[in-house]
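# Chains, contacts and geometry: an overview
So the chains spell out like this:
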Amino acid sequence: MRRVLSLLLVAAVLGGCSGQPESAPEPASSAGPVKVMSHSDAQALAAKYRDEAVSTIGGSMKDAPTENLVTCEGPHTFAALTYGDVPVAADQQPAVLQKLRDHYVTEKYSVEPPSTDPSDHGALNATGPDRVTLSVVGDGTEFVRINVATPCFQSTEPL
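Rules of the game
- Residues numbered from 1 in each chain as written.
- Predicted model: local features only at pLDDT ≥ 70, side-chain atom pairs only at ≥ 80, totals over all residues.
- Heavy atoms only, no water.
- Helix = DSSP H or I, 4+ residues; strand = E, 2+ residues; numbered from the N terminus.
- Contact = heavy atoms within 4.5 Å.
- Areas by Shrake-Rupley, 256 points an atom, 1.4 Å probe, with all protein chains shown as cover.
- Salt bridge = Lys/Arg side-chain N within 4 Å of Asp/Glu carboxyl O.
- Buried < 20%, exposed > 50% of the residue type's maximum accessible area, 1.4 Å probe, protein only.
- Core = buried A, V, L, I, M, F, W, Y, C linked by side-chain atoms within 4.5 Å.
- Phe/Tyr/Trp six-rings, centres within 6.5 Å; stacked < 30°, edge-to-face > 60°.
- Axes fitted to C-alpha atoms, helices over the stretch in contact; angles between N-to-C directions.
- Parallel < 35°, antiparallel > 145°, perpendicular 65-115°, else oblique.
- Left-handed = near helix turned anticlockwise from the far one by under 90°.
- Nonpolar A, V, L, I, M, F, W, Y, C, P; charged D, E, K, R; others polar.

What follows deals with the overall build of the protein chain. Summing up its helical and strand segments, the protein chain has three helices and eight strands in all. When the helices and strands of the protein chain are placed in sequence order, the string is α-β-α-β-β-α-β-β-β-β-β. Once local pairs closer than 6 in sequence are excluded, the contacts in the protein chain between residues at least 24 apart make up 65%. As displayed, the protein chain has an accessible area near 8,300 Å², and 54% of this comes from carbon and sulfur atoms.

One pass over the full model with this rule turns up five salt bridges. Here Lys48 and Asp130 are joined by a salt bridge, their closest N and O atoms 3.8 Å apart. Of this pair, Lys48 sits in helix α2 (residues 39-57) while Asp130 sits in the loop between β5 (124-127) and β6 (133-138); the two residues are 82 residues apart in sequence, bridging distant segments of the chain. Exposure remark for Lys48: the relative accessible area of 46% places this residue in the partly exposed category. The shortest N-O distance in the salt bridge between Arg50 and Glu67 comes to 3.1 Å. With Arg50 in helix α2 and Glu67 in strand β2 (residues 66-74), this residue pair connects regions lying 17 residues apart in the sequence. Within the structure, one salt-bridge network assembled from shared partners comprises Arg50, Asp51 and Glu67.

A separate point is the nonpolar core. The biggest cluster of nonpolar side chains holds 26 residues, and the ones touching the most others in it are Ile57, Tyr104 and Ile146. Elements supplying a minimum of two residues to this core: α2, β3 (77-87), α3 (93-106), β5, β6 and β7 (143-149). At seven residues, α2 tops the list of elements feeding residues into this core.

For any pair of aromatic rings, the description rests on two quantities: the centre-to-centre distance and the angle between the ring planes. Per the stated rule, a full pass over the model turns up three aromatic pairs. Aromatic pair Phe78 and Phe153: ring centres 6.1 Å apart, planes at 50°, arrangement tilted. Taken together, the residues span a long stretch of sequence, with Phe78 in strand β3 and Phe153 in strand β8 (residues 153-154) at a distance of 75 residues. Centroid distance Tyr104 to Tyr109: 4.5 Å. Interplanar angle 15°. Geometry classified as stacked. In this structure Tyr109 comes out as buried when scored by relative accessible area, which is 10%. The rings of Tyr49, Tyr104 and Tyr109 are connected pair by pair, giving a single aromatic cluster.

Across the interface, α2 lies against α3 with an axial gap of 9 Å and an inter-helix angle of 120°. Judged on the interaxial angle alone, α3 and α2 are oblique. For the pair α2 and α3, the crossing hand works out as right-handed. Across the interface between the two elements, Glu52, Ala53, Thr56 and Ile57 of α2 pack against Val96, Lys99, Leu100, His103 and Tyr104 of α3. Considering only residue class, the contact of α2 with α3 consists of five nonpolar, two polar and two charged.

Spelled out as structure tokens, the structure:
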């Protein structure tokens, strides 16, 4: 399930970068045209959101997080992705996800209602003020996975 949510997050980011017909409404979290950013700055932005989630949960990453850059529309349009697991006991996962959800609501993130699918243990989906998207889901055993994706940026650096 976590792999599916990770792939959905990537698809959502890449779908948002592909352009929309002019008649389609822009998402509320979108702030206009694609901005210019270096690869390292985009990775730092994604890491900032990941680390904030880890800190709010009150844990630490199981291993080093995974960080990637993915192409959005061509060789110079990209998004930064990062994800990692935080150890959280299965019986504590719903409470931890609610704590994180409450934090994001307080910080004025756009937060989707809690998932009602019991297989994802109350997955959390939110968009931060920088249009960074977060998906946090428990695995029902021992970890909560934090997935973060920046919006698409332009760069003169090739991927």
